Amino acid sequence: MTSEELLNKVRKIEIKTRGLSRNIFAGEYHSQFKGRGMAFSEVREYMPGDDVRSIDWNVTARLNKPYVKIFEEERELTVMLLVDVSGSRNFGTISQMKRDMMAEVAATLAFSTIENNDKVGVIFFSDHIEKFIPAKKGKTHVLHIIRELLSFEPQTTGTDIAGALQYFTNAQKRRATAFLISDCISDWWRNREAAKNMEKAVMITANRHDINLIQIYDRRDAELPNIGLLKVKDAETGKRLWVDTAVKSVRDNYAAEWRKQQESLETLLTKTGTNAVVIRTDEDYVKALKNLFRKP
């Protein structure tokens, strides 16, 4: 992509997503996320009825009296976008590639953030952390993020969602609202140890931050068409093979694998109390995002 082509794409996505964030999402964003974070204010002596979990043990030991941490509602929000840039995003069979919808969704969220005078940052991840853009305010910063969303090419093609969440919780000390944008195509659910690591990572993140999953997938991720012999390539491993889609059992097994993945994902989200929306590339993501914003 040339510099001129990239600039034109940035302008188009700015016009579309900024309008959405300003005219549609501003109210939902503000009511759902604003003020949900808590920031440290001061310490004071423990009083009967205080939550023992708020005791500051360092101060208590130093002064030989129980002291508690006092928090106040944090009006300035930090939003972090965790964007999956693995190889499987480069796929689309109907209206657009998954990577294009991911970019639009992320840009819409970024503009919604700055419209409310909050900070937004991005973590690009594959099977390792590809790039970290710290949270800042302002249109110039958001346009930089959009350029990266449209043009960034990762070093590797695999997927490690648990690793991305661990990096996020280590890098972001203050409470933030996080949007994990991914197609969630990974084999974590097949392996017991990987499943435990994933659950632990999601649980820790959910305890420290407000985390929301936005899963974006293509119709052909979930089902194969009946079109006969088809040569396919795994975008993350590079493995190629021939698949006879005319065989019903092949199509059924493929669909069953997708359902197992989705069921595992749904179980994980329910267990950890994580909000999520699932969007297909030929569907309207505006409606889905509005539904996410309205979730308790």
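Residues numbered from 1 in each chain as written. Predicted model: local features only at pLDDT ≥ 70, side-chain atom pairs only at ≥ 80, totals over all residues. Heavy atoms only, no water.

The subject of this paragraph is the overall build of the protein chain. Per the secondary structure count, the protein chain includes nine helices and ten strands. Here the C-alpha atoms of the protein chain give a radius of gyration of 21 Å, agreeing with the 19 Å that 2.2 N^0.38 yields for 296 residues. Projected onto its principal axes, the C-alpha coordinates of the protein chain cover approximately 75 × 45 × 35 Å. Every one of the 296 residues in the protein chain was classed for burial, and the buried ones make up 48%. In the protein chain, the proportion of contacts linking residues at least 24 apart, taken out of those at least 6 apart, comes to 76%. The average position of the 47 basic charges and that of the 41 acidic charges among the side chains of the protein chain differ by 1 Å. (Helix = DSSP H or I, 4+ residues; strand = E, 2+ residues; numbered from the N terminus. Rg over C-alpha atoms; globule rule 2.2 N^0.38 Å. Buried < 20%, exposed > 50% of the residue type's maximum accessible area, 1.4 Å probe, protein only. Contact = heavy atoms within 4.5 Å. Lys, Arg positive; Asp, Glu negative; His and termini not counted. Charge placed at Lys NZ, Arg CZ, Asp CG, Glu CD.)

Our next topic: unusual backbone geometry. Not every positive phi belongs to a glycine, and Asn-117 is a case in point at roughly 60°. As for its position among the elements, Asn-117 is in the loop between α3 (98–115) and β4 (119–125).

With that out of the way, let us pick up the nonpolar core. Within soluble globular proteins, side chains that are nonpolar tend to cluster in buried spots. The biggest cluster of nonpolar side chains holds 42 residues, and the ones touching the most others in it are Leu-81, Val-105, Ile-146, Ile-181 and Ile-214. Considering every element that reaches this core, the biggest residue donor is α3, with ten residues. Excluding its chain neighbours within four sequence positions, the residues that come into contact with Ile-181 are Leu-82, Val-83, Asp-84, Met-102, Val-105, Ala-106, Leu-109, Ile-214 and Ile-216. Listed in part, the 25 residues of the second largest apolar core include Met-80, Ala-162, Ala-201 and Leu-269. (Core = buried A, V, L, I, M, F, W, Y, C linked by side-chain atoms within 4.5 Å.)

One way to put it is that α3 packs onto helix α4 (residues 139–151) with a least axis distance of 10 Å and a crossing angle of 170°. Between α3 and α4, the crossing angle belongs to the class labelled roughly antiparallel. Contact with α3, carried on its side by Arg-99, Ala-103, Ala-106, Ala-107, Ala-110, Phe-111 and Ile-114, involves Lys-139, Val-142, Leu-143, Ile-146, Leu-149 and Leu-150 of α4 and no other residues of that element. A class-by-class count of the residues in the contact of α3 with α4 yields eleven nonpolar, no polar and two charged. (Axes fitted to C-alpha atoms, helices over the stretch in contact; angles between N-to-C directions. Parallel < 35°, antiparallel > 145°, perpendicular 65-115°, else oblique. Nonpolar A, V, L, I, M, F, W, Y, C, P; charged D, E, K, R; others polar.)

Here the focus is the sheet that holds strand β3 (residues 78–84). The six strands are arranged β5-β4-β3-β6-β7-β10 in an open sheet whose pairing can be described as mixed. Each end of this open sheet is capped by a strand with a single partner; those strands are β5 (129–136) and β10 (275–280). Strand-to-strand twist across the sheet, computed as the mean angle between neighbouring axes with direction ignored, equals 15°. Bridge analysis of β3 against β4 gives seven bridges, and the strand direction is parallel. When the bridges of β4 are listed, Val-83 appears paired with Phe-124. Contacting β3, β4 and β5, α4 runs over the sheet at an angle of about 165° to β5. (Pairing = 2+ DSSP bridges.)

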